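Per-entry structural report
Letter by letter, the chains look like this.
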Amino acid sequence: MKSKTQKISIADFSLTNLPDDYYEDPYPYYHALREQSPIHRFADGSYFFTRHADLFRIYRDPKLFSSDKKKMFKPLFGDTLLYEHHTTSLVFNDPPLHTHVRKAIGDALSQKTLVAMEPGLRKFTAGLLDRLADKGEFDAMSDFATLIPIEVIGNLLRLPRADRGMLQRWANAILGALEFDLSKEKLDYGNRCVREFLDYLADFVEDRRKNLSDDHDDILSRLIKWESDGFVLSDKQLYHQCIFILNAGHETTTNLIGHGIYCLHTHPHQLQLLREKPELINSAIEEILRYEAPVQLGNRATTKPVQFDDVSIPAGTTLTFAIGAANRDPEVYPEPDRLDITRNPRNHMAFAGGIHTCAGLNVARLEARIAVPALLNRFPALTLAGAPVRDKRARFRGLLSLPMSTN
């Protein structure tokens, strides 16, 4: 690790001008930053963090480190629908809105819900595998990994099955707009997708309101019925929470499943170990989340002056932190660049932390625990059939294509 990082100059490191090899493998850059400048100041006065301990501190003090993104996103999006969405959604807000939405979702994502959804999820996954068996060669992303989260989130919101095909396009465009230094074309497309999503939800939510009954306990019904201390979600807030839940539940879990398949096939000893000891699947999923976190970067803004080591950071400063770097911090994980499915790293930060810990983390875990071994067991001779295509994004890490062969 030392020899690789010593070759990397961090003086010109910028999230708006990343080298091509960063997208393929950002971890040498993270290691270099952690070793040479763990609290790294950018030219615009913002800071970049790479140590696990610093992220742990940030996540656990939401009053000092705010998730409100209005100030940060205004220069990026202006007065657009992308700005409206990303400053209204659960993840980019502080209490009280954040608290109300989390409470409204409540136990719609509880262990009881997971137990109830598991048989249907296993049946759906088996049906996908039946179709793949007839193909011989397939793309593990488009033909498998992307379809499972869409099914799950669609069921949780009770979306008509015929409407679910639009979700992936919308999600990719809206979440993709959170990347750095985007073209006007991509921003315009992102705004168009928010508009299409809002138009769809206006009709869908209105229909649900008209047909709402006491036995409706899905996520959308909970959001519609939620009231606490006089707080009720406006229609606009409700729509944007639905967009966020649909997008986040689809994007990150798709990448988790894809990374699970890819990592195991590029680490054959770990794949063999999982075949011999299938009880390691829970530990394996946690290690894959650590090793290839689907969300690589997060942001906060300081509400008061704060000190990290000998660095004084003023109030109102944007902090960017590398979840992917924290998950490979050698102070926490020995040999951090080695995939080890026996490691069981429950303190990883792939699901964020503190009050902003991902509300759907156990749903994502369940999907991966079912999908990855189901594919491996159905096709014992499964191999990579070509070079994967990685999505060139800094904030979200995943694969666009993963060619596989069952022969």
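Definitions and limits used
Residues numbered from 1 in each chain as written. Predicted model: local features only at pLDDT ≥ 70, side-chain atom pairs only at ≥ 80, totals over all residues. Heavy atoms only, no water. Axes fitted to C-alpha atoms, helices over the stretch in contact; angles between N-to-C directions. Helix = DSSP H or I, 4+ residues; strand = E, 2+ residues; numbered from the N terminus. Parallel < 35°, antiparallel > 145°, perpendicular 65-115°, else oblique. Left-handed = near helix turned anticlockwise from the far one by under 90°. Contact = heavy atoms within 4.5 Å. Nonpolar A, V, L, I, M, F, W, Y, C, P; charged D, E, K, R; others polar. Pairing = 2+ DSSP bridges. Buried < 20%, exposed > 50% of the residue type's maximum accessible area, 1.4 Å probe, protein only. Phe/Tyr/Trp six-rings, centres within 6.5 Å; stacked < 30°, edge-to-face > 60°. Lys NZ or Arg CZ within 6 Å of the ring centre and 35° of its normal.

**Focus: the packing of helix α10 (residues 147-157) against helix α18 (residues 361-378)**
Contact geometry for α10 and α18: axes closest at 11 Å, N-to-C directions at 135°. By the criterion of interaxial angle, the relationship of α10 to α18 is oblique. Both α10 and α18 take part in a crossing whose hand is right-handed. Judged by residue contacts, Ile-148, Pro-149 and Val-152 of α10 engage Val-363, Glu-367 and Ala-371 from α18. Across the contact of α10 with α18, the residue classes break down as 5 nonpolar, no polar and 1 charged.

**Things to note about the sheet that holds strand β14 (residues 403-405)**
Strands sit in the order β4-β14-β11 across an open sheet of 3 strands; the sheet is antiparallel. The open sheet has two edge strands, β4 (137-139) and β11 (383-384), and neither has a second partner. Relative to β14, β11 is paired through 2 bridges, and the arrangement is antiparallel. Bridge pairing links Thr-383 to Ser-405 in β14.

**Things to note about the pairing of strand β10 (residues 318-322)**
Among the 5 residues that make up β10, 4 are buried, leaving the element largely enclosed by the rest of the structure. As paired elements, strand β2 (residues 47-49) and β10 share 3 bridges and run parallel to each other. Of the residues in β10, the one forming a bridge with Tyr-47 is Leu-319. Two strands pair when backbone bridges link them, and strand β7 (residues 297-302) and β10 are joined in this way by 5 bridges, in the antiparallel orientation. Bridge assignment links Ala-301 to a residue of β10, and that residue is Thr-318.

**Observations regarding unusual backbone geometry**
The step from Pro-95 to Pro-96 runs through a cis peptide bond, and the omega angle for that step is 15°. Summarising the element assignment, Pro-96 is placed in the loop between α6 (81-86) and α7 (97-105). Unusually for a residue other than glycine, Arg-158 sits at a positive phi of about 55°. Here Arg-158 lies in the loop between α10 and α11 (166-176). Residue Arg-158 is classed as partly exposed on the basis of its relative accessible area of 36%.

**Quick notes on the packing of aromatic side chains**
The description of two aromatic rings rests on the distance between their centres and on the angle between their planes. Within this structure, the stated rule accounts for 18 aromatic pairs. Where Tyr-22 meets Tyr-30, the ring centres are 6.1 Å apart and the plane angle is 90°; that geometry is what we call edge-to-face. Each member of the aromatic cluster is reached from another via a ring pair, and the members are Phe-13, Tyr-22, Tyr-23, Tyr-27, Tyr-29, Tyr-30, Phe-42 and Phe-48. In this structure, Arg-57 packs its charged tip against the face of Phe-308, placed 4.2 Å from the ring centre. Stacked on the ring of Phe-56, the Lys or Arg Arg-60 has its end atom at 4.0 Å from the ring centre.

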